[in-house]
Amino acid sequence: MDRDVLAPVAYLAVEFPAGRVTGEGFALVHDLVARGVIAVLDLEFIAKEADGSVHKVRLDDIDHGADVDITQWQGAYSGLLDQDDVDTVAAAMRPGGLTGIIVYENVWAAPMLAAMDANGARLVGSGSIDVDDLIQSLNDTSPA
């Protein structure tokens, strides 16, 4: 694999309304990392209090089940998330919620991009489709 090529980087923000993190999702993320599909660049948590105030939560301070090995994510900090990102995520949160924000590189794409680059092609954009927009589009185009 050519690590001179940076694959697309994205983030996901997942809210845990009860403020407690469970391990099933994190086990799946760990599996993706182990298989070289993604690389976790950053994992941060933010909490929204009942009064609407928001603050970052240290990994050590997260309420989690015994099935979560929080230590495997220590040091996953890239500095890519800025206050605007946190504010955007916080606006969507419910009071009392805890949200994990994971920044990841789509490592699977690096070899493809390197091969394309070697032949003169170049990546000129990347993005994601909002899930609600996707569902609405599918509903709009499905037969009645």
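Scope of this entry: the structure provided in the associated data block. Everything numeric in this text was worked out from a predicted model, so none of it was measured. (Residues numbered from 1 in each chain as written. Predicted model: local features only at pLDDT ≥ 70, side-chain atom pairs only at ≥ 80, totals over all residues. Heavy atoms only, no water.)

1. Section: the pairing of strand S6 (residues 98–105)
- Burial analysis of S6 places eight of its eight residues in the buried class, the great majority of the element.
- What you see with S6 is no split at all: Leu98, Gly100, Ile102 and Tyr104 on one side and Thr99, Ile101, Val103 and Glu105 on the other are buried throughout.
- Note: strand S1 (residues 9–16) against S6, eight bridges, orientation antiparallel. Opposite alanine 10, over in S6, you have tyrosine 104 as the bridge partner. (Buried < 20%, exposed > 50% of the residue type's maximum accessible area, 1.4 Å probe, protein only. Helix = DSSP H or I, 4+ residues; strand = E, 2+ residues; numbered from the N terminus. Pairing = 2+ DSSP bridges.)

2. A few points about helix H2 (residues 83–92)
- For H2, the set of buried residues is Val86, Val89 and Ala90. End-on, the buried residues of H2 take up no more than an arc of 100 degrees, which puts them together on one face. Residues of H2 that are exposed and angled more than 90 degrees away from the buried face: Asp84, Ala91 and Ala92.
- Sitting at the amino-terminal end of H2 is aspartate 82, which places a side-chain oxygen 3.1 Å from the backbone nitrogen of aspartate 84. (Arc of directions from axis to C-beta. Polar contact = N/O pair within 3.5 Å; in protein donor to acceptor, adjacent residues only side chain to side chain.)

On their own, these measurements won't tell you what the molecule is for.
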